[in-house]
Amino acid sequence: EYARIKYGEINIENEESRLLLSEMFLPFISTQVPDLQGKILFVGPTGVGKTTTLAKLAAKLKLNDHKNVAVITLDTYRIAAVDQLKTYAMLLDVPVRVAYTPKEAKLEIEALTDFDVVLIDTAGRSQKNELHMTEIKAMSEIISPDFTFLIVGMQYRKYDTLDICKKFSSLSPSHVILSKMDETSSLGHFLNVSQYLGVPISFITNGQRVPDDILEANNRELSLLLAREVLKDVKSGK
């Protein structure tokens, strides 16, 4: 409706309409791909693919950016997560350390000062569990990361997404990674993530393959995707 008021009647069959709408969405989508250095903490709710996403970034940093990478995992709740990381680390020739407490993680980090990047995995935490959220906040304060990536699954409904953003905002995430783009047909709520947290989207994952299924976020490409979805919904009468 806003587009009709500003630009006049829209022909939903016209490619120009998609470009017009994408320009309208562009100011609302913040993206940034930082130069990753130092300690990088990965946080998020259960089931969003933090460990796989970390492995994808480890591969990108090691193979494409030629950085010296190490991995620490605090996810000792799931044995499979530790084994999964160790497998990826072996294939990439990247050292992996297991820490059972934040203080152990800090000691491990201090022992890895020769590395350009230290990626730190955490156990998934339900945003509705206040005790777990308190624990992960205390852990973040002890580690004092240079970057904190909040992983948000794109398959979540709008209000679940906003709830996740609200609760995890206490960790002061610096960037967002949107995961599981391949598991949803609704893309519009990624606007809510960037706007609600006030931090940029850095990467998007769209599959399970390591390291292939991760994309650098680009606000113009995301605006075009969103415009395509809106016009599709208009055409179908939604």
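Colleague: So what exactly am I meant to see when it comes to the overall build of the protein here?
Modeller: What the protein contains, in helices and strands, is nine helices and eight strands. When each of the 238 residues of the protein is scored for burial, the buried share is 47%. Sequence separation of at least 24 residues holds for 80% of the intrachain contacts in the protein that already meet a minimum separation of 6. Just so you have it, the protein exposes about 11,900 Å², and 50% of that area is on carbon and sulfur atoms.

Colleague: Would you mind going over the packing of aromatic side chains with me for this structure?
Modeller: For any pair of aromatic rings, the description consists of the separation of the ring centres together with the inter-plane angle of the planes. Applying the stated criterion across every chain yields a total of two aromatic pairs. Where Phe42 meets Phe149, the ring centres are 5.7 Å apart and the plane angle is 50°; that geometry is what we call tilted. Remark: Phe149 occurs in strand S5 (residues 147-153) and Phe42 occurs in strand S1 (residues 38-43); sequence separation between them is 107 residues. Comparing Phe42 with Phe149 shows no difference in burial state: the two are buried. On the numbers, 6.3 Å between centres and 75° between planes, the contact of Phe149 with Phe203 is edge-to-face. Within this pair, whereas Phe149 is found in strand S5, its partner Phe203 is found in strand S7 (residues 201-205), the two being separated by 54 residues in sequence.

Colleague: Would you take a moment to explain the pattern of salt bridges for this structure?
Modeller: Pairing between side chains of opposite charge can happen when their charged atoms approach one another. Applying the stated rule across the entire model yields six salt bridges. Salt-bridge contacts for Lys60 lead to Asp65; the nearest nitrogen and oxygen are separated by 3.0 Å. For Lys60, a relative accessible area of 17% puts it in the buried group. Taking the relative accessible area as the measure of exposure, Asp65 reaches 32% and is therefore partly exposed. As a salt-bridge pair, Glu108 and Arg97 come within 3.8 Å of each other at their nearest N and O atoms. Of this pair, Glu108 sits in helix H5 (residues 102-110) while Arg97 sits in strand S3 (residues 96-98), placing them eleven residues apart in sequence. When its relative accessible area of 23% is taken as the criterion, Glu108 is described as partly exposed. Three or more residues joined by partner-sharing salt bridges are found here, namely Lys60, Asp65 and Glu216.

Colleague: Just to check I follow, could you spell out the sheet that holds strand S6 (residues 175-179) for this structure?
Modeller: Working definition: the strands of a sheet are paired by backbone hydrogen bonds and lie parallel or antiparallel to each other. Read across the sheet, eight strands follow the order S3-S2-S4-S1-S5-S6-S7-S8 without closing on themselves; strand pairing throughout is mixed. The sheet terminates laterally at S3 and strand S8 (214-216), the two strands that pair on one side only. Between one strand and the next, the sheet's axes are offset by a mean angle of 25°, whatever the strand orientation. Summarising the sheet, strand S2 (residues 69-73) and S3 pair through three bridges and their orientation is parallel. Bridged to Val71 within S3 is Val96. Against the sheet, helix H6 (residues 130-143) makes contact with S1 and strand S4 (117-121), and its axis sits at roughly 175° relative to S1, the strand it touches most. Packing of helix H8 (residues 190-197) onto the sheet brings it into contact with S5, S6 and S7, and relative to S6 it is tilted by some 165°.

Colleague: Which parts of the structure should I look at to understand helix H7 (residues 158-168)?
Modeller: For an α-helix, the turn length of 3.6 residues means that residues three or four places apart are oriented alike. Buried residues of H7: Thr161, Asp163, Ile164, Cys165 and Phe168, and no others. Elements in contact with the buried residues of H7: S1, H6, S5 and H8.

Colleague: Can you walk me through the side chain of Asp213 in this structure?
Modeller: By secondary structure assignment, the location of Asp213 is in the loop between S7 and S8. Ignoring anything within four residues of it in the chain, the contact list for Asp213 reads Lys56, Ile204, Thr205, Asn206, Gly207 and Gln208.

Colleague: Honestly, the nonpolar core in this entry has me stumped. Any pointers?
Modeller: Within soluble globular proteins, side chains that are nonpolar tend to cluster in buried spots. The biggest cluster of nonpolar side chains holds 40 residues, and the ones touching the most others in it are Ile120, Ile143, Leu178 and Phe190. Those residues in contact with Ile143, other than ones at most four positions away along the chain, are Lys39, Leu41, Leu74, Ala105, Ile109 and Ile120. Within the second largest apolar cluster, 24 residues are counted, among which are Phe42, Phe149, Ile177 and Phe203.

Colleague: Where do I start with the pairing of S5 in this structure?
Modeller: For a regular strand, the rule is simple: side chains alternate between the two faces of the sheet. Buried residues dominate S5, accounting for seven of its seven residues. Alternating residues of S5 divide into Phe147, Phe149, Ile151 and Gly153 and Thr148, Leu150 and Val152, and every residue in both groups is buried. Pairing analysis gives four bridges linking S1 to S5, with the strands arranged parallel. Each bridged residue has a counterpart across the sheet, and for Val43 the counterpart in S5 is Leu150. Bridge analysis of S5 against S6 gives five bridges, and the strand direction is parallel. Across the sheet, residue Phe149 finds its bridge partner in S6, namely His175. Crossover connection from S5 via H7 to parallel S6: handedness right-handed.

Rules of the game
Within every chain, residues take consecutive numbers counted from 1 along the sequence as written. It should be noted that, the model being predicted, local features are given only for residues of pLDDT at least 70 and side-chain atom pairs only at 80 or more, the latter also being counted only at that level, while totals for whole chains, interfaces and linings use all residues. Side-chain descriptors were evaluated using all non-hydrogen atoms of the structure, hydrogens and water having been removed beforehand. Under the scheme used here, helices are H or I runs from DSSP no shorter than 4 residues and strands are E runs no shorter than 2 residues, and both carry numbers assigned from the N terminus. Relative accessibility decides the category of a residue: with a 1.4 Å probe and only protein chains considered, values under 20% of the type maximum give buried, values over 50% give exposed, and everything between is partly exposed. The contact rule is simple, with two residues in contact once any of their heavy atoms fall within 4.5 Å. Residue burial considers only the protein chains on display, and all accessible areas are found by Shrake-Rupley using a 1.4 Å probe. Each Phe, Tyr or Trp ring, with Trp reduced to its six-membered ring, pairs with another whose centre is within 6.5 Å; inter-plane angles below 30 degrees give stacked pairs, above 60 give edge-to-face pairs, and intermediate values give tilted ones. Whenever a carboxyl oxygen of Asp or Glu lies within 4 Å of a side-chain nitrogen of Lys or Arg, that contact is scored as a salt bridge. In short, DSSP must find at least two bridges between two strands for them to pair. Each axis is a line fitted through C-alpha atoms, and for a helix only the stretch in contact is used; angles between axes span 0 to 180 degrees, taken between their N-to-C directions. In these notes, a set of buried Ala, Val, Leu, Ile, Met, Phe, Trp, Tyr and Cys residues joined through side-chain atoms within 4.5 Å is what counts as a nonpolar core. With strands facing away from the observer, any crossover in which the path from the first strand over the helix to the second runs clockwise is taken as right-handed.

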